[in-house]
Each structure stands twice: as C-alpha cells, then as structure tokens.
Amino acid sequence: MIELNDVGYSYGGDALLTDVSLNLSPGSFHFLTGPSGAGKTTLLKLCYLELQATRGEVVAFGRPARQLSRDGVARMRRRVGIVHQDCRFLDHLPLVENVALPLSVSGQPDHADSTEMRELLAWVGLKHRATALPPELSGGERQRAALARALIMSPDVILADEPTGNLDWEMSLRLLTLLVELNRMGKAVLIATHDLALIRQAKTQLAARVLRIRDRTLQVAGAEL
Amino acid sequence: MRPLRAFISFLVGDPRADRVVPPSGVAAHLTTFAAAAMAFLAVFALALSLSAGRLAERWSSALAQSSTVRISAPDDQRAAQTQAVLDILAETPGVESARALSDAEQRALLAPWFGADLPVETLPIPQLIEVVETQAGYDAEGLRLRLRAEAPGAILDDHTRWRRPLVRAADRLRSLGWTSILLITLTTGAMITLAANAALAANAQVIAVLRLVGARDTYIARAFVRRFTLRSLTGAAIGTALGMLAVWALPSAETASSFLTGLGFSGASWLLPLTIPPLAAIVAFWATRAASFRALKEVR
C-alpha cells in the first residue's frame, strides 16, 4: 500500500536518510527503532507525504507520490491513520469533535453521538472526557485521543510515532492488542518506538518485523529483539 | 442551476466546517468595521459621480441651447443695429427664436451687483439679445462674419468659453468619483487580504492538523473565505445603509439649486448603492480565497 524505493531525504544539504526501502503491504506489521534523532519521525513523515523524498520514490496506494496533486495527498491521508508524537489537535474543539475530525473533513456524518463513537472513546478510556478541550487533557489522554482519531476512518495503514510514550503498561498492552487485531484484519501497521518491552510483547503475538535506523539507513534489527 | 446551488450552499454553510476555524474575536469586528467604513465612503463617491454627471449634462445642455448677442453701439445707432441683428437672426438657420431684452430684464440681471435701482437707460450698457437655438444649432462662425458686416457693434457670445470649462470640471469631478470607487474597492480588497493573512497565520496549527487528517484545500479555504465574505457583506450592508441615510438627509436639490445641495441620488439611481454590499462580498471572497490558497501552499 505504501512503498519506499531507495528513498533519501536531505535537509539543508545534510542527508538525514539514504537508500531507504520499505513496503507497508496489507497485513504487514513493522516496528521502527533507533536512537533519538535517527530519523524515525522523518521516515514516518515520508510515508504519509508530509515530507517529499529528495531521492528515490514513494508510492502510495499504487501511485507515485510525486504525481499526486494536493487533493490526491488529502485523499491518500484519509486511508492512513496517523498518531503523532506531539498529538496535534484543534484546541477549541472538544475531544469528541477532534476524534471525529477525519469524518468531518471527508464529508461523512461524524456520528459524534453514535454508539460507535462512544465505544471507541470507552475503549481508549476517554468516554468521560468526551466534552473536554485538548488543553485540559493529560499527556496520556492526548495520546489515546490521537489513537482514536487515527482509527475512526478504519484506515488501511496505521502509522504511529511513539504511541505509548505517555501510556502506562496496561494501556500500552491494550493499544498493542487493538493494533494486532487491526493487523489481522489486513491493515498495515508501522510503529516507531523506543519501547523494547512492547516490541517483545508483540513478537509473542505475531510475526512483526523490527527495523532500525542506523547511520541514516534502514536495517533489520538483530536477534536481541 | 449548479452555480446557484453552490452559491446557496456557500451562504448556508456547513456548521461543522465553520467550527474548525476558531472564532477570531477582534479581527472579525475589525473586518466588519472596515467593510462598513469603505461602503459608507463608496456611497458618497457614487453620489458624487452621479451628481457630477447630472451637473455636466445640465450645464452642457442648458448652455448649449442658448447664446447672447451683445450690441455696443452709439445711442443713435443702437436701435437700428438691434433691429438689423434681429433681422439677421430671424433668417439664420438653426436659430429658433431671438428677442431683445427689455430694460427691466437687463436691470434684473445687473441687480445682484449694482442694486435694483440702477438707471439702466442713463448708462452705456450694451443691448442684449437672447438667442435660442434649435437642436441642430447654427453656424456660429458664419453668423459672426455676417454680424460684423451688417452690425459692427454686435458681438456673438455662444457661451462656449463658459460652457467648456464648466463641463470639463464636472466631467473631472465625475471621473474623480469613479476613481474613488475603484480605489475604495482596491483598498477593501487589500485590507481583507491583510486580515485574512493574519487569520491564516494565527491558525497555522489548525491548517496543519486539518491537512494531516485529510482535509482538501478547498475545505480549509472555504472556512476562511465564507467567514470573511459574510463579515464583509454584513459590514458593507451596514455602511451602505448609513451612507444612504446620510445622503438622504442632505438638503434637497429642489430647495437650493447649487452643486453641493444637489449631491445625492434621484429616482432609480437610489438602487445603485445597493450593489455595494454584494460587490464588497465578491471582493472579500476573491481576496480571501487567493490568500488562503497562497497560505495553504506552504503546508504539505
């Protein structure tokens, strides 16, 4: 669904990533590790086209990214659920409307009061916070809300940047269980994380591929994981 | 039908789409106020243009249809030359009528400067003959030559030297009015562009989030465009209403026939200011749309 073929990304003359190849095919599950600043977030941004590769080719749902118009990029993102590290929200809208935002922008009924929405919020433990504004939420709550927003459109690909960074172990496991279930339904999942315990836990449940960014290139992680 | 449907849908809006951009408080009021002020000025500029146009037409037609022959001759020849001029005028093509002004009429003409008791008959005041032309008019140069030959004391004044500067002045005034309207329109566009740019910059985070969750540029732009268009429409409607009220409250042209008191609208021209609010809305629509798409290009 999303392919990176020999992709490189440079900024201000410095190469941040070189010769990265990755195929997020249906049903694939990838973890992405690496030290801070290695380029994990950059790689995710290349996947959802917030950044444009300076070398190589990104293919999203069968179409080269360079050929996509701005509307094409918007349509592509509706098929990708993104959980950002910094969990960006519209601070003036209550949580439930933020979670329903992908539905609103794509012209679908947002079902803000629907059973599905209530179930989704209950699942991420935010049912009682539905009317709270984002600035009123804790870091963990924001992360869970971002996850709910990423899943509301039932995306084909799920990209998550440190999704468990502010979650306790119990919530992290619940998140992992959901992502595993979604993956078994054919969704492609890519999680950038430092959480090795989470990766080990995942490997007990499915054949996840663990990748590491080292020296600006993407490598398969060793047996220590 | 499709453009009409799109227009109605634009006016009605989508409450969810409108809510994605936070209300901008003072900036919103400033846009409305600026649109109101510009519309108020536009009403006056329009009134000025229309009045100047009417004035130019009036001066042009009033002075163009009449002329004067002035006879300055010794007393013993004055009556004979007056009669000779009247005879010439009677047979000149293009002259509808001609008559010599009586002493009373000449006294009335001079009264504003010398008072009503002026003894016209004792003063060497030229005899005036009022000439009314037909629509086609007469050959002024030919008439002058003939008068010079047959009545040497007669001088034809066809008012050209008065009429031309007056009409030119009125035409310039009219042009100034239309130029003012153009400048007001451009200024409105510039002010709305600045306000829209400020709103877009203040909402950069909102735009980034919307793009991230798959919003198309038109969806994001519409939220800003609709807001600024409606604010401008509202402001311009208020400004136009106040401007029309102010013009209506000016002294009537019938009561005092001068240019300043004649500033205003008459008859169907009262409908013209009603085009100002939609014009302001159109300017706001395009200015905000251009600013929005320019700003959106910065966000991938």
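Residues numbered from 1 in each chain as written. Chains lettered and ligands numbered in written order. Predicted model: local features only at pLDDT ≥ 70, side-chain atom pairs only at ≥ 80, totals over all residues. Heavy atoms only, no water.

Our working rule: UniProt positions are given in the numbering used here, feature names are shortened, and annotations may be inferred rather than shown by experiment.
An unreviewed UniProt entry lists chain B under the name Cell division transport system permease protein, with Tranquillimonas rosea as the source organism. Entered under Subcellular location (unreviewed entry) in the UniProt record, the comment concerning chain B runs "Cell membrane".

Looking at an unreviewed UniProt entry, chain A carries the name Cell division transport system ATP-binding protein, with the source organism given as Tranquillimonas rosea.

**Comments concerning unusual backbone geometry**
Peptide bonds are trans in most cases, and residues, glycine excluded, mostly fall at negative phi. Residue and element names in this part refer to chain A. Our working definition: Helix and strand labels come from DSSP, where a helix needs a run of H or I of at least four residues and a strand needs a run of E of at least two; each type is numbered from the N terminus. Burial classification: accessible surface area is computed with a 1.4 Å probe over protein chains only, and a residue below 20% of its type maximum counts as buried, one above 50% as exposed, and the rest as partly exposed.
One non-glycine residue, D19, adopts positive backbone phi at about 45°. Within the secondary structure, D19 is located in strand β2 (residues 14–24). Positioned with a positive phi, S154 is a non-glycine residue whose angle comes to about 50°. For S154, the location among the structural elements is in the loop between α6 (139–151) and β7 (157–161). Among the residues examined, S154 registers a relative accessible area of 45% and is labelled partly exposed.

**Comments concerning helix α5 (residues 115–123) of chain A**
Residue and element names in this part refer to chain A. To keep things clear, this is the line we draw: The arc in question is traced by the directions running from the helix axis to the C-beta atoms. Contact criterion: two residues are considered in contact whenever any of their non-hydrogen atoms come within 4.5 Å of each other.
When α5 is considered as a whole, its buried residues turn out to be M117, L120 and L121. Viewed along the axis of α5, the buried residues span an arc of 95°, placing them on a single side of the element. Here the buried face of α5 lies against α3 (95–99) and α6. Taken from the residues just after α5, G125 is the one with a positive phi, measuring 75°.

**With respect to the domain arrangement of chain B**
For the record, the criterion: Domain start and end points were adopted from an automatic or database domain assignment.
Its domain assignment divides chain B into domain 1 (2–60 + 164–296) and domain 2 (73–152). Just the C-alpha atoms count here: the centres of domain 1 of chain B and domain 2 of chain B sit 55 Å apart.

**Structural notes on the pairing of strand β6 (residues 80–83) of chain A**
Every other side chain in a regular strand lies on the same face of the sheet, so the side chains alternate between the two faces. Residue and element names in this part refer to chain A. Rules: A pair of strands is treated as paired once DSSP finds two or more bridges between them.
Side chains of β6 alternate between two faces, with V80 and I82 and G81 and V83 buried alike. Taken together, the four bridges between β6 and β7 define a ladder with parallel strand orientation. Looking at β7, one finds that G81 is bridged to I158.

**Notes on the UniProt feature "transmembrane region" (unreviewed entry) in chain B**
Residues and elements named next belong to chain B. Per the UniProt annotation, the sites labelled "transmembrane region" (unreviewed entry) are residues 27–50, 173–192, 198–216, 228–250 and 270–288. Helix makes up 74% of residues 198–216 and strand 0%, and the two end C-alpha atoms of the span are 21 Å apart. Note that residues 228–250 is 91% helix and 0% strand, and that its end C-alpha atoms are spaced 33 Å apart.

**Here's the deal with the pattern of salt bridges**
If charged atoms from side chains of opposite charge come close, those side chains can pair. The cut-off we apply is this: Should a side-chain nitrogen of Lys or Arg be within 4 Å of a carboxyl oxygen of Asp or Glu, the pair is scored as a salt bridge.
Scanning the entire structure with this criterion turns up twelve salt bridges over all chains. A salt bridge links B:R99 to B:E105; the shortest N-O distance between them is 2.7 Å. Judged by relative accessible area, B:E105 falls into the partly exposed class, the value being 29%. A salt bridge links B:D171 to B:R174; the nearest nitrogen and oxygen atoms lie 2.8 Å apart. You can see B:D171 and its partner B:R174 sitting in helix α7 (residues 160–202), three residues apart, about one turn around the helix. The exposure class of B:R174 is partly exposed, given its relative accessible area of 30%. A cluster of three or more residues bridged by salt bridges with shared partners is formed by A:R70, B:R211 and B:D217.

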